[in-house]
Amino acid sequence: MPAGRAVTRTLVIGGGIAGASVAYFLSRLGAQVTVIDAGLHAASSVPSALINPVRGQSGGVDARALEGMRLTWELLRELEAAGFGVPHGQTGMLRPVPDDKARARFERNLPPKLLHRWLSRDALPVPLPPAWAHALWLPEGGWVDGAAFTRALLEASGAAVIRGQVPSWTAHSATLRGGDGPTLASFHAVIHCGGSIGSGWAGENRTQRMGTLLTLDRAAADVPLSFGAYLAPSAQGGVLGATYETPAQGWRAPALPLASLGWLLGKGEALADLSGVSVTGRWTGSRLSGLKTGRGEDGVWHLSGLSSKGFLLGPLLARELAAQVVQAGR
Ligand SMILES: Cc1cc2nc3c(=O)[nH]c(=O)nc-3n(C[C@H](O)[C@H](O)[C@H](O)COP(=O)(O)OP(=O)(O)OC[C@H]3O[C@@H](n4cnc5c(N)ncnc54)[C@H](O)[C@@H]3O)c2cc1C
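It should be emphasised that the depicted structure is a prediction, and the values quoted were computed from it without experimental measurement.

1. Points about the overall build of the protein chain
Inference 1: The helix and strand inventory of the protein chain stands at seven helices and 21 strands.
Inference 2: In terms of overall dimensions, the protein chain is globule-like: its C-alpha atoms have a radius of gyration of 20 Å, near the 20 Å expected for 330 residues.
Inference 3: Overall size of the protein chain, expressed as C-alpha extent along the three principal axes, is 65 × 40 × 35 Å.
Inference 4: Per-residue burial over the protein chain gives 51% buried out of 330 residues.
Inference 5: For the protein chain, the proportion of contacts with a sequence separation of at least 24, taken over those separated by at least 6, is 72%.

Here is the structure:
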């Protein structure tokens, strides 16, 4: 911080991957950061998240996927060098594709700059059931432990972290929950990164989508596999997961209907031989759609609605937002 320049005081509401990344980049720019996080229903505590640039069943690629993916891996290396161990694997990942029509859809969407290769059956890094007609190899993909990544970013940011819920806030202050909870004031910027539950608490009616990961005693494959659902390694073994419940307006408490469990297991069996793999637990979360980033008319800043790309794009968008916040505070 150059001598004589006032420190930008910032308050981040929400400590998921969005809030933790914003805090990390704000600190790097010399801002003083306080994070208030309720620690409830964070989608970012997903036990193993894919870093997957090629999305869904049509192979859509976000315009910023490549940039985002590379920044996420760079951050993980940076955190590791600073002594923050985050379980992850930049292993590459495999997208099995069922037929020629689906492959044509993927091919239309794949930008030349994104490293990829269609593999013949004898070149597969892991065996695939015969029903899959094609397999797309993405050497830059992989997986990360969401909770550990988020925690490491928060710790590395050096931000003051307060555990609690903020029921109301303005562009420069926030009130902590509790009877007449204390008001924290005089911030240059307040940044709302509340994710799904935070959107519900804010009274918004945005689209949310629930999903479940079954945690497994071991990884079904050494590299993530994804089509419809995903199998990936994790710190404790492996996961089988997807975000697949019917989209809903507004927040709903996490639930796993039995029919969904059957659907998920069927998708997993289609990707790999799961005999001998045991389910050890489950994690259910909700993700928020409709990206919201920048400063609102009321002066409050936002980063939310990262949908299924929280770990692919969250850090990149947070870096940009942090730069804007600091710039505006000068
Ligand atoms: C089943 C499932 C699988 C997924 N898989 C992937 C994947 O493979 N790859 C990928 O990139 N993404 C994946 N995602 C999406 C990813 O998890 C989300 O995009 C991302 O975690 C959202 O992060 P966030 O910081 O915006 O919100 P969250 O992680 O939800 O964090 C918000 C935090 O803010 C707190 N909070 C909210 N409001 C307040 C308030 N008023 N006061 C105090 N605290 C508050 C909450 O309690 C919470 O701790 C998946 C999501 C789900 C549900």
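We are not done yet, so read on.
2. Here's the deal with the environment of Ile 13
Inference 1: With respect to the helices and strands, Ile 13 occurs in strand E1 (residues 9-13).
Inference 2: Ile 13 gets classed as buried once you look at its relative accessible area, which sits at 7%.
Inference 3: Note: C-alpha distance between Ile 13 and Arg 218 (205 residues apart in sequence) is 36 Å.
Inference 4: What Ile 13 contacts, discounting residues up to four positions off in sequence, is Ile 36, Val 166, Trp 169, Val 190, Ile 191, His 192, Cys 193 and Gly 194.

3. A look at the packing of aromatic side chains
Inference 1: Evaluation of the coordinates by the stated rule reveals six aromatic pairs.
Inference 2: Relative to Phe 25, the ring of Tyr 24 has its centre 5.3 Å away and its plane inclined at 85 degrees; by these criteria the two rings are edge-to-face.
Inference 3: When its relative accessible area of 8% is taken as the criterion, Tyr 24 is described as buried.
Inference 4: Taking the relative accessible area as the measure of exposure, Phe 25 reaches 4% and is therefore buried.
Inference 5: Each member of the aromatic cluster is reached from another via a ring pair, and the members are Phe 106, Trp 118, Trp 132 and Phe 227.
Inference 6: Positioned above the aromatic ring of Trp 118 is the side chain of Arg 103, whose terminal nitrogen or guanidinium carbon lies 4.3 Å from the ring centre.

4. Details of the site of the ligand
Inference 1: For the ligand, the set of nearby residues contains 43 residues, the closest of which are Asp 37, Leu 40, Ser 44, Leu 50 and Ser 307.
Inference 2: One of the backbone N or O atoms of Ala 38 is found 2.9 Å from a nitrogen atom in the ligand.
Inference 3: Here an oxygen atom of the ligand sits 2.7 Å away from a polar atom, N or O, in the main chain of Leu 50.
Inference 4: The fraction of the free accessible surface of the ligand (1,000 Å²) that becomes covered by protein chains is 98%.

5. A look at helix H6 (residues 258-271)
Inference 1: The end-to-end C-alpha separation of H6 is 20 Å, in line with the 20 Å expected for 14 residues at 1.5 Å each.
Inference 2: Buried residues of H6: Ser 260, Leu 264, Gly 268 and Leu 271, and no others. The buried residues of H6 occupy an angular sector of 75 degrees when the element is viewed end-on, so they sit on one face. Exposed residues pointing more than 90 degrees away from the buried face of H6 are listed as Leu 258 and Ala 259.
Inference 3: For H6, the secondary structure elements touched by its buried residues are strand E5 (93-97), strand E14 (207-216), strand E15 (225-227), strand E16 (229-234) and strand E17 (237-243).

6. As for the sheet that holds strand E8 (residues 142-144)
Inference 1: One open sheet accounts for three strands, arranged E3-E8-E4; its pairing is antiparallel. Of all strands in the sheet, those with a lone pairing partner are strand E3 (49-51) and strand E4 (88-89), marking the two edges.
Inference 2: As paired strands, E3 and E8 are joined by three bridges and run antiparallel to one another. The residue bridging Leu 50 from the neighbouring strand is Trp 143, located in E8.

7. Overview of the nonpolar core
Inference 1: Residues Val 22, Leu 26, Leu 94, Phe 149, Ile 191, Leu 225 and Leu 303 are the most contacted members of the largest nonpolar core, which totals 87 residues.
Inference 2: No other element matches the ten residues that helix H7 (residues 310-328) contributes to this core.
Inference 3: Look past the residues within four positions of Phe 149 in its chain and what remains in contact with it is Ile 17, Thr 72, Leu 75, Leu 76, Leu 79, Val 86, Val 144, Phe 311 and Pro 315.

8. Topic: the pairing of strand E20 (residues 292-295)
Inference 1: With four bridges joining them, E20 and strand E21 (residues 301-304) adopt antiparallel strand pairing. Pairing of Arg 295 across the sheet is with Trp 301, part of E21.
Inference 2: Between E20 and E21, which pair antiparallel in sequence order, lie five residues; one of them, Gly 299, sits at a positive phi of approximately 90 degrees.

9. Considering the side chain of Thr 150
Inference 1: As for its position among the elements, Thr 150 is in helix H4 (residues 146-157).
Inference 2: With near-sequence residues (within four places) excluded, Thr 150 lies in contact with Gly 15, Gly 16, Ile 17, Ala 20, Ser 44 and Phe 311.

10. Here we look at the environment of Gly 314
Inference 1: Checked against the element boundaries, Gly 314 lands in helix H7.
Inference 2: Spatially, the C-alpha atoms of Gly 314 and Gly 19 are 9.1 Å apart, while their sequence positions differ by 295 residues.
Inference 3: Contacts of Gly 314, omitting those with residues within four sequence positions, involve Ser 21, Leu 303, Leu 306 and Lys 309.

11. So, the side chain of Glu 140
Inference 1: Looking at where Glu 140 falls in the secondary structure, it is placed in the loop between strand E7 (134-138) and E8.
Inference 2: A distance of 2.8 Å separates polar atoms of two side chains, one belonging to Glu 140 and the other to Arg 70.
Inference 3: When residues no more than four places from it in sequence are discounted, the contact partners of Glu 140 are Leu 66, Met 69, Arg 70, Trp 73, Gln 90 and Leu 115.

So, how was this worked out
Residues numbered from 1 in each chain as written. Predicted model: local features only at pLDDT ≥ 70, side-chain atom pairs only at ≥ 80, totals over all residues. Heavy atoms only, no water. Helix = DSSP H or I, 4+ residues; strand = E, 2+ residues; numbered from the N terminus. Rg over C-alpha atoms; globule rule 2.2 N^0.38 Å. Buried < 20%, exposed > 50% of the residue type's maximum accessible area, 1.4 Å probe, protein only. Contact = heavy atoms within 4.5 Å. Phe/Tyr/Trp six-rings, centres within 6.5 Å; stacked < 30°, edge-to-face > 60°. Lys NZ or Arg CZ within 6 Å of the ring centre and 35° of its normal. Near = heavy atom within 4 Å. Polar contact = N/O pair within 3.5 Å; in protein donor to acceptor, adjacent residues only side chain to side chain. Areas by Shrake-Rupley, 256 points an atom, 1.4 Å probe, with all protein chains shown as cover. Expected span 1.5 Å × (residues − 1). Arc of directions from axis to C-beta. Pairing = 2+ DSSP bridges. Core = buried A, V, L, I, M, F, W, Y, C linked by side-chain atoms within 4.5 Å.

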